Amino acid sequence: MAHRPKRTFRTRRADSSDSDGAEEPAAEPREPAKLAAPSPEEEDPPPGGGRAEAAERPLRGRSPRGRGRGRVWASSRRLRADRGSGVPDEEYGTHHASESVDDQSSSSDSSSSLDEEFSSLAITNEETSEESQEDENQDIWEQQQMKKAVKITEGRDIDLSHSSEFQTVKKFDTSISFPPVNLEIIKKQLNTRLTLLQDTHRSHLREYEKYIEDVKSSENAVQNLENSSNQALSFKFYKSMKIYVENLIDCLNEKIINIQEIESSMHALLLKQAMTFMKRRQDELKHESTYLQQLSRKAETSANESLAIDENTQRILEELESRRARRRQARALSENCDHQEGTSSDDELSSVDMIDFQKSQGDILQDHKKIFEDVHDDFCNVRNVLLKFQQWREKFPNSYYEAFIGFCIPKLLNPLIRVQLIDWNPLKFDSIGLKQMSWFISIEEFMDNSVEDSQKEDSSDKKILYTVINKTIIPQLTDFVEFIWDPLSTSQTTSLITHCRMILEEHSTCESEVSKGKQDLLKSIVSRMKKAIEDDVFIPLYPKSAVENRASPQSKFQERQFWSALKLFRNVLLWNGLLPDDTLRELGLDKLLNRYLLIALLNAMPGPEVVKKCNQITAYLPEKWFTNSAMRTSIPQLENFIQFLLQSAYTLSKSEFRDKVKEIILILVKIRAMNQAESFIEEYHLDHLKSVINEV
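The model shown is predicted, which means the values in this text are computed figures rather than measured ones.

## Some words on the overall build of the chain
Part 1: Secondary structure assignment for the chain yields 27 helices and zero strands.
Part 2: Within the chain, buried positions represent 39% of all 696 residues.
Part 3: The long-range fraction of contacts in the chain, counting pairs at least 24 apart against all pairs at least 6 apart in sequence, stands at 75%.
Part 4: Put simply, the chain shows about 42100 Å² of open surface, and 52% of that area lies on carbon and sulfur atoms.

## Some remarks on a nonpolar patch on the surface
Part 1: Taken together, the side chains of V181, I186 and L190 define a hydrophobic patch exposed on the protein surface, amounting to about 290 Å² of accessible area.
Part 2: Tracing the backbone through its elements, the reader meets V181 in the loop between α7 (125-170) and α8 (183-226).

## Quick word on the packing of helix α13 (residues 382-395) against helix α15 (residues 405-420)
Part 1: Relative orientation of the contacting elements α13 and α15 amounts to 165°, with a least axis distance of 10 Å. Here α15 runs roughly antiparallel to α13, going by the angle between their axes. In this structure, α13 crosses over α15, and the sense of that crossing is right-handed. For the pair α13 and α15, the contacting residues are V382, V385, L386, F389 and W392 in the first and I405, I409, L412, L413, L416 and Q420 in the second.
Part 2: Along the lines of polarity and charge, the residues of the contact of α13 with α15 split into ten nonpolar, one polar and no charged.

## Concerning the packing of aromatic side chains
Part 1: Here the structure, examined in full by the defined rule, presents 14 aromatic pairs.
Part 2: Judged by centre distance (6.3 Å) and plane angle (70°), the ring pair of Y238 and W392 falls under edge-to-face. Placement of the pair is Y238 in helix α9 (residues 228-301) and W392 in helix α13, with a sequence separation of 154 residues.
Part 3: What makes W392 buried here is its relative accessible area of 12%.
Part 4: Arranged with centres 4.8 Å apart and planes meeting at 50°, the rings of F680 and Y684 form a pair that is tilted.
Part 5: Overall, the relative accessible area of 30% leaves Y684 in the partly exposed class.
Part 6: Counting every residue linked through ring pairs, the aromatic cluster contains F237, Y238, W392, F396, Y400 and Y401.
Part 7: Here K388 stacks its cationic end above the ring of Y244, 5.3 Å away from the centre of that ring.
Part 8: Over the face of the ring belonging to W625 we find R585, whose NZ or CZ atom lies 4.8 Å from the ring centre.

So, how was this worked out
- Residues numbered from 1 in each chain as written.
- Predicted model: local features only at pLDDT ≥ 70, side-chain atom pairs only at ≥ 80, totals over all residues.
- Heavy atoms only, no water.
- Helix = DSSP H or I, 4+ residues; strand = E, 2+ residues; numbered from the N terminus.
- Buried < 20%, exposed > 50% of the residue type's maximum accessible area, 1.4 Å probe, protein only.
- Contact = heavy atoms within 4.5 Å.
- Areas by Shrake-Rupley, 256 points an atom, 1.4 Å probe, with all protein chains shown as cover.
- Patch = residues over 30% accessible without salt bridge, like charges linked within 9 Å, V, L, I, M, F, W, Y side chains within 5 Å.
- Salt bridge = Lys/Arg side-chain N within 4 Å of Asp/Glu carboxyl O.
- Axes fitted to C-alpha atoms, helices over the stretch in contact; angles between N-to-C directions.
- Parallel < 35°, antiparallel > 145°, perpendicular 65-115°, else oblique.
- Left-handed = near helix turned anticlockwise from the far one by under 90°.
- Nonpolar A, V, L, I, M, F, W, Y, C, P; charged D, E, K, R; others polar.
- Phe/Tyr/Trp six-rings, centres within 6.5 Å; stacked < 30°, edge-to-face > 60°.
- Lys NZ or Arg CZ within 6 Å of the ring centre and 35° of its normal.

Right under this line is the structure:
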C-alpha cells in the first residue's frame, strides 16, 4: 500500500520514497470496533519513520495551501471519530475527501484567517518549486487512495451487513420461547412451500405458453402482411362471388313461381290424358262385359228375340271395335302376325283429342322457353353456374370446402334442372335418358374435377349428383308413377324401369342406406300395380257351350282379358332386381297367377292353346328364382300351377295331343319341380321322357 508523502518544505531525495517504503513494515489490519478517533492536532506519520523521528526533524514553515490540506484531512478524521465508523483512516479519509473540501469551503472564516496569517511571508524560488513537486505527488497519492477506498467500501458494505447479522445473532435473547417444532410441522411447511413453488411454476408455464402463442400469432400476422397482395386478390374474388351468389339466388327466387306454374300445367295435361285412357278402358270393359252377359242370358232363354242395347253402349262398342280394326290393319302392314288380342295398350286418341293435346302442350312449351329468356347464361345455365364454383374450388379450396359448397350446389341447381325436365316424360319409350342430359353431364364433369380426397366417402362434391337425383329427379318420377303411369302399358313400364334402374343403381353407389325418396318411389310403384290388378284385371267365366266356339264374342272377350292379365303379369315381373322378391311373388304369383290366370286355364279346353299359355307364363318368371341346381322342389307360390301342369299332362297323354306332354315336362324342369316330374314319368311309364330330366 502506498504511503502518504511527508509534508516538508525541503527538497526530497529521488530515492527517499522508495527506501522509506521498503523499510517500513506492513501495517497490521485493525478491527473496526477497536479504531480510536485521533485528536484534532494529531498528524499522520510520514512514510519514512515514526512519531519520534518526525519530532527530531526541523520544521519549516508551510504554505497556506499545505496548511489547508492538513485541515481537510484532520476534519475528516474528527468527523469519522464523531460518527463512530469502523472504516480505517485511509479509507474514510479518501471517501470523505470531497466532504472535507466542502467543509473547507463552508468554513470561510477560518480559511480566510489562515490566508491572512501567511500572506506576509517572503517565499523563495526553491521553496516554490519544492512546494509544486510536493503538491503534484500529493495529488497522485490522493487519487490512488480514493480509488482503493471505493473498492474497499464495496467489500466492506458486505462485511458490515454480515457483521450486523453476526451481532444480531449474538444479541439474540434466549429467554424468548417459541412453539415446539416437529417433523409434521416441517413437512407441512415444506409442502406449503412446494405448493407455492408449483403454483409459481404453473404460472410461469402459462406465461410461457402465452408467449409461444403470441409468437405464432405474430408469425402469422407477418405472413399475412407479406401476402397482403394475395389477400387483396382474395378479397376481390370473394366479393365478386358474394355478389354473384346473391344475384343467382334473387334470380331463382323470382323465377321459381313461373317454373312451378309451368310444371303444374304440364303434369295436369299428362294426367288428363292418362285419366282419359283409363276411364275409357274401364267404361269399355264395363259395357262390353254387360253386353256379353246379356247376350249369354238371351242365348239360354230364346234365340229368336233381338237384344236391345242403349245408344251409349252401342256407340262405345263401335268405337272400340273401330280402334281394334285399325290396329289389326297396322299389324298386317308391319307383318306382325305373332300378336295376341288384348295385349295392345289401346292408347290411341281421336284426331280431335290429339289436336287439342298437341296445342295445349305447345303452349306450355312456349311458356317454358320464356322463363329465362331475360336472364344471362351465367345465371340459368347449369354448366356456367358450376364453372363459377369450380373457379372458387381451384383458387381457394380450403374456404370452398369449409363453406360446404358441395351441399349447397344441389339446392341452387334444383330450379334449373326442373326447367329442363318440364318436357321430359319418363313413360315415353323414346324419352331421353338422364345420363344424356346436359345438366347430368355437367355435374359429372364438375365432380370428376374435384380436388378433394376421392377416398373420402362423405365427400360433399362426390354426393352432388346423388343429392340432385334424390331431391329433384325421384320426386318427379314418383309423381309420374302415382298419377300418370299405366302398369298395363308395356312400353310405359319398360321406359319407366329403364330410368328407375339407372337412378336406383346410382343411389346404390352413393349411399349405404336406402333414402326416403327411394323408399317413397318403390312404395308408389307397388301401390300403383296393386291398384291396376284390382281395377283392370277381369277374366269372365262363361258356360262351355259359349266358349267352345272360338269365334263367339264370349270366347274372344275371354281370350282378350286373359292375355291382358298375362300382360300385366309380365309387366309386374319386369321389376325383378328393383323390387324385393317377396313383393314380386305376392303381386305376380299370388294375386295374378293363382287368382286370375289359373282359373281361366282351368276353365279352358285342354289343348295346344293351354300349353302355349303355360309356356308364356313360365317365360315371364325370373330365371334367378331357379338358378339353384340343388333345387328339387319349386317355390311354394307355384304349387297350384305345378298341379295344373301335371293334370294337363295326364289329360294330353290320353288325347291326340300327347306330344305336348314333353313340353309340359320341360316346363316342370324349368321351374325346378324335379320331384314332381320324375314321379309323373314313373307313374305313367313315360320312360322316353327321362332323357329330358337327365339333360338338365
